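A closer look at the structure
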Amino acid sequence: MGRKRKGRDISGWLIVDKPAGITSTSVVNKVRWAMEAKKAGHAGTLDPEATGVLAVALGEATKTVPYITDALKAYRFVVRLGQATNTDDAEGEVIAQSDLRPSDEEIKEALHGFVGDIQQVPPQFSAVRIDGERAYKRARDGEEMELAARPLFVEELVMISRPDSDHVELEMTCGKGGYVRSIARDLGAALGCKGHVLWLRRIWSGPFQADQGLSIEQIDEMAKTPALDAHIQPLEIGLDDLPELRTTAEGAAKLRNGNAGMVFPGDAEYGDEAWASLEGEAVAVGIYKSGELHPSRVFVKPAQTD
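Just so it is clear, the model here is predicted, and its values are computed rather than measured. (Residues numbered from 1 in each chain as written. Predicted model: local features only at pLDDT ≥ 70, side-chain atom pairs only at ≥ 80, totals over all residues. Heavy atoms only, no water.)

In this structure the tally under the stated criterion is 1 cavity of 30 Å³ or more. As for the largest cavity, its lining consists of Tyr 67, Ile 68, Ala 71, Gly 206, Pro 207, Ile 237, Gly 238, Leu 239, Asp 240 and Asp 241. Of the residues in the lining of the largest cavity, the class split is 6 nonpolar, 2 polar and 2 charged. (1 Å grid on protein atoms, 1.4 Å probe; cavity = no way out; pocket = protein on both sides within 12 Å on 5 of 7 lines; lining within 4 Å. Points joined across faces, edges and corners; volume = space filled by probe spheres on them. Nonpolar A, V, L, I, M, F, W, Y, C, P; charged D, E, K, R; others polar.)

By size, the foremost hydrophobic cluster in this structure holds 27 residues, and its most contacted members are Tyr 75, Phe 77, Leu 157, Leu 170 and Met 172. When residues of this core are traced back to their parent elements, those giving at least two are strand 4 (73–81), helix 3 (104–111), strand 10 (150–164), strand 11 (167–174), helix 5 (180–191) and strand 12 (195–205). Sorting elements by how many residues they give to this core places helix 5 first, with 5 residues. The residues contacting Phe 77, other than those within four sequence positions of it, are Leu 157, Val 168, Glu 169, Leu 170, Met 172, Val 180, Ile 183, Trp 199 and Leu 200. Counting 21 residues, the second-largest nonpolar core is a separate cluster that includes Leu 14, Val 31, Ala 37 and Leu 228. (Core = buried A, V, L, I, M, F, W, Y, C linked by side-chain atoms within 4.5 Å. Buried < 20%, exposed > 50% of the residue type's maximum accessible area, 1.4 Å probe, protein only. Helix = DSSP H or I, 4+ residues; strand = E, 2+ residues; numbered from the N terminus. Contact = heavy atoms within 4.5 Å.)

Bringing the packing of aromatic side chains into the picture now. Tallied over the entire structure, the rule returns 1 aromatic pair. With a centroid separation of 5.1 Å and 45° between ring planes, the pair formed by Trp 13 and Phe 208 is classed as tilted. With Trp 13 in strand 1 (residues 12–18) and Phe 208 in strand 13 (residues 208–209), this pair connects stretches of sequence that are 195 residues apart. Accessibility expressed as a relative area gives 0% for Phe 208, which makes it buried. (Phe/Tyr/Trp six-rings, centres within 6.5 Å; stacked < 30°, edge-to-face > 60°.)

With that settled, consider helix 5. Under the 1.5 Å per step criterion, the end-to-end length of helix 5 is 16 Å for 12 residues, consistent within 8% with the ideal 16 Å. For helix 5, the complete set of buried residues consists of Val 180, Arg 181, Ser 182, Ile 183, Ala 184, Leu 187, Gly 188 and Leu 191. Taken together, the buried residues of helix 5 touch strand 4, helix 3, strand 7 (116–120), strand 10, strand 11 and strand 12. Looking at the residues trailing helix 5, positive phi occurs at Gly 192, about 75°. (Expected span 1.5 Å × (residues − 1).)

Turning our attention to the side chain of Glu 169. Of note, Glu 169 is situated in strand 11. The buried category is assigned to Glu 169, whose relative accessible area is 14%. A polar contact of 3.4 Å, which involves the side chain of Glu 169, links it to the side chain of Arg 76. For Glu 169, the contacting residues outside a window of four places in its chain are Arg 76, Phe 77, Val 78, Val 158, Met 159, Ile 160, Ser 161, Pro 163 and Trp 199. (Polar contact = N/O pair within 3.5 Å; in protein donor to acceptor, adjacent residues only side chain to side chain.)

Looking at the element boundaries, Ala 50 is found in the loop between strand 2 (40–42) and strand 3 (51–58). Ala 50 sits in the buried class, given a relative accessible area of 1%. In this structure the C-alpha to C-alpha distance between Ala 50 and Lys 18, which are 32 residues apart in sequence, comes to 7.8 Å. For Ala 50, the residues in contact, after removing those within four places along its chain, are Lys 18, Pro 19, Ala 20 and Leu 200.

What follows deals with the sheet that holds strand 15 (residues 261–262). Reading across from one edge, 14-16-17-18-15 is the order of the 5 strands in this open sheet, with mixed pairing throughout. Each of the sheet's edge strands pairs with one partner strand only, and the pair in question is strand 14 (244–246) and strand 15. Both strand 16 (residues 273–278) and strand 17 (residues 281–289) contribute to a ladder of 6 bridges, which runs antiparallel. If you follow Glu 273 over to strand 17, its bridge partner there is Ile 287. Here helix 8 (residues 249–256) sits on the sheet and contacts strand 15, strand 16, strand 17 and strand 18 (292–298); the angle it forms with strand 17, its principal contact strand, is near 80°. (Pairing = 2+ DSSP bridges. Axes fitted to C-alpha atoms, helices over the stretch in contact; angles between N-to-C directions.)

Now the structure itself:
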């Protein structure tokens, strides 16, 4: 019989403003320790040197992570023009240089080619798996790989400022699976001047904003106290993009047992994915069909305490 994981059965979202120099996994481990939580995960990895919003899901909220991962997100970043690196960011070695510097107008024109449904090749130093092994492990051994292009939806990519001829500050809103480092690399190539990311910050992800986030120092200060609990946001926020359908106590009982349950009409149409609620509390996510929700994810009701 497997060992039961220790910790509190606590559910919801804790928003962290991740600093540079720490991995997303390390942030999750810090939050799990500070909250004494049994279960935790995050919605969307940030590179170690990137900063910004990292939404950490606790307990039952981990079941809503895919909906945050699929949501639009926005990044603010600076591209260093004139240099390409082997990692496509400032941590790597410079592998090519150019004296060419495009004008502001040329940059703005080039950005149009990166909006909409595009194909993007991940960086050599990325977590993409090649024959079961992470690409960055092979890259560290000096191997150059032919990585397959992947689709990415970019809603917007705009120039924010041009501090000097060597740097341009951009903001991008995109779907899941985007590599900002690839955008910088490919923009430099399109402009004929090379380029890499100098710094990167995720300013929002789905419903979560970076300015809502706690710092690592704040988490340390409030660790294992009610003060930190007060910052937990409800798991239902992770379902914001799905229609909500109310149910009855009887319907909720059926849904929590994995069976189809009655729901009241709402904004969902036949065949839509939706979530059922009882008195505002998430019961299940599933497919709406003829007055019933057929559950695919069920949320365990929190234990009642005296």
